[in-house]
Amino acid sequence: MTDQKYARDYTRPELMITACSREIKNGERVLIGVGLPLLGAMLAKRTHAPDCKMAYETGSFDSSPSRTPFSVVDADLVPRAVHAGQLTDIMALYLQRGFIDVGFIGGAQVDKFGNLNSTCLGDYFEPNVRLPGSGGAHDFGVFARRSLIVMIHEKRRFVEKCDYVTTPGYLNGGNSRYEAGLPEGTGPAAVISTLGVFRFSPDKKEMYLETYHPGVTVDSIKENVNWDLKISPIVRETEPPTEEQIRIIRELDPDGFFLRRGEYNKRIRAQAENMGWI
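Just so it is clear, the model here is predicted, and its values are computed rather than measured.

1. Quick notes on the pattern of salt bridges
Now for step 1: Under the defined criterion, the tally for this structure stands at 15 salt bridges.
Now for step 2: A salt bridge links E14 to R250; its shortest N-O distance comes to 2.8 Å. Of this pair, E14 sits in helix α1 (residues 12–22) while R250 sits in helix α7 (residues 243–252); the two residues are 236 residues apart in sequence, bridging distant segments of the chain.
Now for step 3: One salt bridge in this structure joins R146 and E28, with 2.8 Å as the shortest N-O distance. Here the residue R146 occupies a position in strand β10 (residues 146–151), and E28 occupies one in the loop between α1 and β1 (29–32), the gap between them amounting to 118 residues.
Now for step 4: Overall, E28 belongs to the buried group, its relative accessible area being 10%.
Now for step 5: Taken together, the shared-partner salt bridges connect D9, E14 and R250 into one network.

2. Focus on the pairing of β10
Now for step 1: With respect to burial, β10 is a largely interior element, six of its six residues being buried.
Now for step 2: The two faces of β10 match: R146, L148 and V150 on one face and S147, I149 and M151 on the other face are all buried.
Now for step 3: Relative to β10, strand β5 (residues 102–105) is paired through four bridges, and the arrangement is parallel. Counted as the bridge partner of I105 is I149 from β10.
Now for step 4: With five bridges connecting them, β10 and strand β12 (residues 188–193) associate as parallel partners. Residue pairing across strands places V150 opposite I192, the latter belonging to β12.

3. A few points about the sheet that holds strand β7 (residues 116–117)
Now for step 1: Spatially, the three strands line up as an open sheet ordered β7-β6-β11, and their pairing is mixed. The outermost strands of the open sheet, each flanked by one partner alone, are β7 and β11 (158–159).
Now for step 2: As defined by bridge partners, strand β6 (residues 109–111) adjoins β7 across two bridges and the pair is classed as antiparallel. Pairing of V110 across the sheet is with L116, part of β7.

4. Structural notes on the state of the cysteines
Now for step 1: Applying the stated criterion across every chain yields a total of zero disulfides.
Now for step 2: Among the cysteines around C20, which has no disulfide bond, C52 carries the closest sulfur, lying 13 Å off.

5. Quick word on the nonpolar core
Looking at soluble globular proteins, one finds that nonpolar side chains tend to be buried together.
Now for step 1: Counting 35 residues, the largest nonpolar core has I17, I24, I32, Y56 and F104 as the members making the most contacts within it.
Now for step 2: Counting residues per element, the ones that place at least two in this core are α1, β1, α2 (36–45), β2 (53–56), β5, β10, β12 and α7.
Now for step 3: Among the elements that line this core, the one with the most residues is α2, at seven residues.
Now for step 4: The residues touching I24, leaving out its near neighbours within four places in the chain, are V30, G40, A41, A44, H48, A49, C52, F104 and R146.
Now for step 5: Among the nonpolar cores identified, the runner-up in size contains 31 residues, and L31, I105, L116 and W227 belong to it.

Parameters and conventions
Residues numbered from 1 in each chain as written. Predicted model: local features only at pLDDT ≥ 70, side-chain atom pairs only at ≥ 80, totals over all residues. Heavy atoms only, no water. Salt bridge = Lys/Arg side-chain N within 4 Å of Asp/Glu carboxyl O. Helix = DSSP H or I, 4+ residues; strand = E, 2+ residues; numbered from the N terminus. Buried < 20%, exposed > 50% of the residue type's maximum accessible area, 1.4 Å probe, protein only. Pairing = 2+ DSSP bridges. Disulfide = S-S within 2.5 Å. Core = buried A, V, L, I, M, F, W, Y, C linked by side-chain atoms within 4.5 Å. Contact = heavy atoms within 4.5 Å.

Written out as structure tokens, the structure is:
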């Protein structure tokens, strides 16, 4: 991309959206929710992956919304959809049959083998905090050909071992995921955090740092991980977004509903947060 003009004025969420979009290949079927992964998929579709198909767990497949949806139950996901069904259609007919290439997920904790916790903090029977639970996250992590984890990066979230495994990554590392009976060739491909992008080693399946975001150091990332994080021998700075990518992202979210840019209706945003949409 040496002929591209890189943007100088961009935010960390916009960088993460760009990083999400780069993980999507043309023609792939992508299962997404809302927020940054949704904008990442829409950016990919408008740039290098025009033939990717977006699926939403509430039942819509390959829709062409006239605007950026506010949630997975947004009515604008129904018109022009190739398949407008229900949750069981997407989960059973697409995901569990192995027809989804990429699934975006997140959680309260991620460990060094890519396991995710969205169930509880502390002991399951006497937790310090009870979390919302799996939803579709377990199925996403089990059946998608590869999963992409998008996380806010805090030391308390990047743990050596999750308090509870809601969504299996590579379990105990090595071949343990497939020995447990999960589909061969599936598993987390990357973790995109607010500090960097992480991958998993091909043998031990342990997370390592591939790129650090501009303004972040390798040492600061290691300080915010609760294990001895491995670093790629060719670790580098995350490639910044181009001017065109930033233009598209801001056109997709002109009022800053997801990007939190500019002025927007605070009452509507508060309602959306209460509903768990953002």
